[in-house]
Protein chains: 2
Amino acid sequence: MRFSSDPSPRKAGTAELALLQQIRARAARPGSNALTLGIGDDCALLQLRRGEEAAVTTDLSIAGRHFRLDWHPPESIGHRTLARGLSDLAAMGARPVAAFLSLGLPAELTKSRGKTTPFSRQSTYSHLPWIDAFLGGLVALADTHRTTLAGGDLAESPLPVADIVLVGAVRRGRALLRSAARPGDLVYVTGSLGGAAAALQLLSDMAANPRPAPSNLKRLRIPGRIQAQLAPHLFPQPRIAQGLYLVRHGLGAAAIDLSDGLSTDLAHICEESDVSAEIDSSLLPIHPTATLEQALNGGEDYELLFTAKPSSRIPRSIAGVRITHIGRILRSGPNRPAITLLTPTGPQSLQASGWQHFS
Amino acid sequence: MRFSSDPSPRKAGTAELALLQQIRARAARPGSNALTLGIGDDCALLQLRRGEEAAVTTDLSIAGRHFRLDWHPPESIGHRTLARGLSDLAAMGARPVAAFLSLGLPAELTKSRGKTTPFSRQSTYSHLPWIDAFLGGLVALADTHRTTLAGGDLAESPLPVADIVLVGAVRRGRALLRSAARPGDLVYVTGSLGGAAAALQLLSDMAANPRPAPSNLKRLRIPGRIQAQLAPHLFPQPRIAQGLYLVRHGLGAAAIDLSDGLSTDLAHICEESDVSAEIDSSLLPIHPTATLEQALNGGEDYELLFTAKPSSRIPRSIAGVRITHIGRILRSGPNRPAITLLTPTGPQSLQASGWQHFS
C-alpha cells in the first residue's frame, strides 16, 4: 500500500484508508517549494536550484533495536526517525528538501481505540492514536526544518519498522565531507556531549525488571518532572542551521554527525581523511547530566563534529548553539593511535567504542 | 550500522564487517555519472543535468508479505526489491540515477555457512551466501538499467525487511502523471498481463502442505524446467526503456505501473484524472499461462499502462516489448462505473480487486 495511491476498498480496511488519509493530510502542509509533485503519483518530483546537487540519505529504525514501543512515546519515535535523517543532511551542510517514510506496522497500531468523544481530544485523527502521535512528532520536526513529507510506503509488519529517506540540496562542490580533514585543522563540536546516553541510562533504570518486551504496547509512564532530563534522548535536535552556516561561510572542512559517539565518529573522519586526531578531555562540553565516558562513547547526541583551518574564525555559537574547540587533526603515522585523548594523567589512546543501540 | 561507515571492530562482528565490505565492493561498479559521491559519507551526492527534476520513490518489502524466504531464491528477492522501485521510475518516464537500500536481516542470514573450499564457488563472498545471492540479483538488475547502489543502511532485524529508494531524473515538466488522462485518450499496456499472478499460483501450488513458515530458511526446490514459467513472478522486468521512449517522443499522457493489477491501477488513473475508462477484454494481451481474471486483477506484472491522444502514433513495440491498445478514456459521470469491461456477453463494471500479496 503506497501513500501515493488510494487503495480500493477491497484492498484496504477502513483503518488503513483512514491511515492513508491521515498521512496525506499531514503531508499536505506548506513545505519546500522545491517539491513540484508530492503524494499522489508513482514518484514525487523535486526541483533543485541551479548549481545545487542533491544529498540523499536513508536510515532504518527497527523496534527493539532503535526504539522500544514500551519505552518511547510515539511522538519520540516519530521525531527520532526523522532526526536521524536530518542529522545526516546537517553533517553535509545540506538544506532539507523532502522526506520519504516507509512504515511497517502491526495491525494493532493502525486500529481504532474505539469511539472517542468530540471533546476528548482536539485531533481529527484520534481514532488512530499511536499513528497520530508518531506522525505528530515527525511532522513537528519536519516543519521546524521546512521539510515536506513527500511520499513513502506503508505495509503491515509484525515488527514495527520505519525507514526514513531525506533529500537535501547543497551548492555543488561545497558539501562538508568526512574525507576533508587535514593535519593542522582544529576540531570542534556543537552543543554538548553525552546527554542522550545519560538520558537513555535513566530511561533504562526506570524500566522495571523484568522488562516488558520491546514490542509491548503497555508503555513506561514518564513523570513530567524528568521529561526535560530525557529530552536529549527522546527529542534530539539535528544541527541543520549550524551545518548550513559552515557551508555558507566556507568555514568547515570535514564534518560528521555524532550518531554513534565521539570516539567512533571521529575515527570515521580519521579513516576517510587518512589523518589522526588529538582530543583534550578538559575541553569537552560534557552535558551536565553525563559522565566523561558517556560524552566520549555515548551515541545519538546528533551534534556535529567538524574540522576547520586554524585561520578560520569560528563563532562561539551558531544559531544559539555553542561551538566548542576540543582538539586538533594530526598526521597519521604507524606508531600513533588514530585518536589520542589528552587527560590530566597524560595522553591515552582513545578506542572507538560507540553506541550499541538496544542490542 | 551504515553502509557509509566502516564500524569499529568493537561495534561489529567479523560477519558484519565482511557484509559491509561486500556491499561496498558490489556498489563500486561503474554507474551513472550523476553520482558525485557514493558510499563512504553521511549522504550520497547526486548531480542532475540542467533542466531535469528528480523523481524519488520508496518501496518497503517485508518477509511474509512481499516475499517468503522459503519460496523465493535470494537472487529473486534482491531483483524484486529493486524492480519495484525501478518500475515507479518507469511509470514517470524517468531515467534511473541511483538506488539506496535499507536492509534489516536476522543474524543467521549474515553469518558464514562455515569454511568453503577455494574450488567450491567462484565468488569472493561465498562465506555469506544468502546476502551474496540477494545482492547478486539486485546488482544485476541495477547494472541492466545503469543504476548505482549509492548508499543505504543495515540493521539486525528478527524479521527480514528491505526498503528500496530510487532517485531518477526527468526533463522538467515532462514526467508522465497519473492525473494527465483525458476523455478520448486511448489506453495501452506494454508486454503481457497476468504472467506474474499465474507464476505465483504455480509457486504456491508447489509449496507442500503444511507450508513451511515464511521466514524458514529451508527453501522450496524449484526444478529447472519450470524456472522459465516462474520468471514473470521471480524476475519481473521494469519497463524503463518504454517509459523513457514515451517521454522522449512526447507520446504518453498519463501512466502508471501495473504493480497492484490492471483493475486497481487503472482505477488510480481514473481517480487522479477524474475520468472513467473502457477496456475491451478481447484486446487484452493475456500471458499464455494466465487466465483473464489474472490478467485483470493479478499484481506485480510491472508492465506500464499509459494513455495517449488518438492522434499519437504509438509503435507496435518499444525496445523489443509489444505495445497493445486495450481501451479508451471516457468522461466520468454519476451513472457510469469508473471502469467498464467490454466482454462477449456485454459490458460489465470492472471492480478494482488487485493484489493482496501474501496477506
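Just so we're clear, the structure is a prediction, and the values are computed from it rather than from any experiment.

Caption draft 1: Structural context of the nonpolar core. Among the nonpolar cores identified, the biggest contains 89 residues, and A:Leu82, A:Leu101, A:Phe134, B:Leu82, B:Leu101 and B:Phe134 are the most heavily contacted of them. Aside from chain neighbours lying at most four places away, what touches B:Leu82 is B:Ala99, B:Leu138, B:Leu141, B:Ala142, B:Ile164 and B:Leu166. If you look at the next biggest cluster of nonpolar residues, it comprises 27 residues, including A:Val167, B:Ala34, B:Ala54 and B:Phe100.

Caption draft 2: Representation of the interface of chain A and chain B in the model. Contact with chain A, which involves 73 residues of that partner, is made by 73 residues of chain B. Taken together, the connections running from chain A to chain B amount to six salt bridges. A:Asp153 is the salt-bridge partner of B:Arg84, the closest N and O atoms lying 3.4 Å from each other. Taken together, the links from chain A to chain B amount to 20 residue pairs in polar contact (both at pLDDT 80 or more). Sort the elements by how many residues they give to the side of chain A that touches chain B and strand E3 (residues 52-62) of chain A lands first, with nine residues. Partitioned by chemical class, the residues of the side of chain A that touches chain B number 31 nonpolar, 20 polar and 22 charged. When strand E2 (residues 44-46) of chain A meets strand E3 (residues 52-62) of chain B, the two strands line up antiparallel, connected through three bridges.

Caption draft 3: Geometry of the sheet that holds strand E6 (residues 161-171) of chain A. Pairing is mixed in the open sheet, where six strands are placed in the order E5(A)-E4(A)-E6(A)-E3(A)-E2(B)-E1(B). The open sheet terminates on both sides in strands that have one partner only, identified here as strand E5 (148-156) of chain A together with strand E1 (35-37) of chain B. Across the sheet, the mean angle from the axis of one strand to that of its neighbour is 25 degrees, orientation sign disregarded. Across the face of the sheet, helix H2 (residues 74-92) of chain A comes into contact with E3, strand E4 (95-105) and E6 of chain A together with E1 and strand E2 (44-46) of chain B while running at roughly 25 degrees to E6(A). Contacts between helix H3 (residues 129-144) of chain A and the sheet are confined to E4 and E6 of chain A, with E4(A) contributing the most and set at about 160 degrees to the helix.

Caption draft 4: A look at the pairing of strand E12 (residues 321-331) of chain A. All names here are of chain A. In terms of strand pairing, strand E7 (residues 186-190) meets E12 through five bridges, oriented antiparallel. Of the residues in E12, the one forming a bridge with Val189 is Thr324. Bridging between strand E11 (residues 317-318) and E12 involves two bridges; their strand directions are antiparallel. Its bridge partner being in E12, Ser317 is matched across the sheet by Arg322. Counting the residues that bridge the hairpin from E11 to E12 gives two residues, and of these Ala319 lies at a positive phi of roughly 50 degrees.

Caption draft 5: Structural detail: the packing of aromatic side chains. Residues and elements named next belong to chain A. Enumeration according to the criterion identifies four aromatic pairs over all chains in this entry. The interplanar angle of 15 degrees and the centroid separation of 5.4 Å between the aromatic rings of Trp130 and Phe134 together place this pair among those described as stacked. With Trp130 and Phe134 both in helix H3 and four residues apart, this pair spans about one turn of that helix. This pair shows no difference in class: Trp130 is buried, exactly as Phe134 is.

Caption draft 6: Broad picture of the packing of helix H4 (residues 195-206) of chain A against helix H5 (residues 227-234) of chain A. Residue and element names in this part refer to chain A. The N-to-C vectors of H4 and H5 enclose an angle of 120 degrees; their axes lie 7 Å apart at closest approach. Handedness of the crossing formed by H4 with H5: left-handed. Residues Gly195, Ala196, Ala199, Leu200, Leu202 and Leu203 of H4 lie in contact with H5, whose contacting residues are Gln229, Leu230, Pro232, His233 and Leu234. When grouped by side-chain class, the residues that make up the contact of H4 with H5 number eight nonpolar, three polar and no charged.

Caption draft 7: Main features of the side chain of B:Ser87. Residue and element names in this part refer to chain B. Topologically, Ser87 is positioned in helix H2 (residues 74-92). Here Ser87 falls in the buried class, since its relative accessible area comes to 0%. Of the polar contacts made by the side chain of Ser87, one reaches the side chain of Asp257; its length is 2.7 Å. Beyond its immediate sequence surroundings of up to four residues, Ser87 is in contact with Pro238, Asp257 and Tyr302.

Caption draft 8: Region of the structure containing the relation of the copies chain A and chain B. Superposition of chain A onto chain B requires a rotation of 180 degrees combined with a translation of 0.0 Å along the rotation axis, giving an RMSD of 0.0 Å. In the structure described here, the two chain copies are related by an operation that fits a two-fold rotation axis.

Caption draft 9: Layout of the pattern of salt bridges. Residue and element names in this part refer to chain A. If you walk through the whole model with that rule in mind, you get 20 salt bridges over all chains. A salt bridge links Glu52 to Arg95; the shortest N-O distance between them is 2.9 Å. On the criterion of sequence distance, the pair formed by Glu52 in strand E3 and Arg95 in strand E4 is long-range, its members being 43 residues apart. When its relative accessible area of 11% is taken as the criterion, Glu52 is described as buried. Residue Arg95 is classed as buried on the basis of its relative accessible area, which comes to 15%. Between Arg239 and Glu303 there is a salt bridge, and its shortest N-O distance comes to 2.8 Å. One end of the pair, Arg239, is in the loop between H5 and helix H6 (240-248); the other, Glu303, is in the loop between helix H8 (292-297) and strand E10 (304-308), with 64 residues separating them in the sequence.

Caption draft 10: Molecular detail of the sheet that holds strand E1 (residues 35-37) of chain A. The six strands lie next to each other as E1(A)-E2(A)-E3(B)-E6(B)-E4(B)-E5(B), forming an open sheet whose pairing is mixed. Looking at strand neighbours, the two that pair on one side only are E1 of chain A together with strand E5 (148-156) of chain B, the edges of this open sheet. Averaged over all adjacent pairs, the angle separating strand axes in this sheet is 25 degrees, with direction ignored. Pairing geometry for E3(B) and strand E6 (residues 161-171) of chain B, over eleven bridges, is antiparallel. Among the inter-strand pairings, B:Thr57 is bridged to a residue of E6(B), identified as B:Leu166. Packing of H2(B) onto the sheet brings it into contact with E1 and E2 of chain A together with E3, strand E4 (95-105) and E6 of chain B, and relative to E6(B) it is tilted by some 25 degrees. Across the sheet, helix H3 (residues 129-144) of chain B touches E4 and E6 of chain B, and the angle it forms with E4(B) is around 160 degrees.

Definitions and limits used
- Residues numbered from 1 in each chain as written.
- Chains lettered and ligands numbered in written order.
- Predicted model: local features only at pLDDT ≥ 70, side-chain atom pairs only at ≥ 80, totals over all residues.
- Heavy atoms only, no water.
- Core = buried A, V, L, I, M, F, W, Y, C linked by side-chain atoms within 4.5 Å.
- Buried < 20%, exposed > 50% of the residue type's maximum accessible area, 1.4 Å probe, protein only.
- Contact = heavy atoms within 4.5 Å.
- Salt bridge = Lys/Arg side-chain N within 4 Å of Asp/Glu carboxyl O.
- Polar contact = N/O pair within 3.5 Å; in protein donor to acceptor, adjacent residues only side chain to side chain.
- Helix = DSSP H or I, 4+ residues; strand = E, 2+ residues; numbered from the N terminus.
- Nonpolar A, V, L, I, M, F, W, Y, C, P; charged D, E, K, R; others polar.
- Pairing = 2+ DSSP bridges.
- Axes fitted to C-alpha atoms, helices over the stretch in contact; angles between N-to-C directions.
- Phe/Tyr/Trp six-rings, centres within 6.5 Å; stacked < 30°, edge-to-face > 60°.
- Left-handed = near helix turned anticlockwise from the far one by under 90°.
- Least-squares fit on C-alpha atoms with pLDDT ≥ 70 in both.

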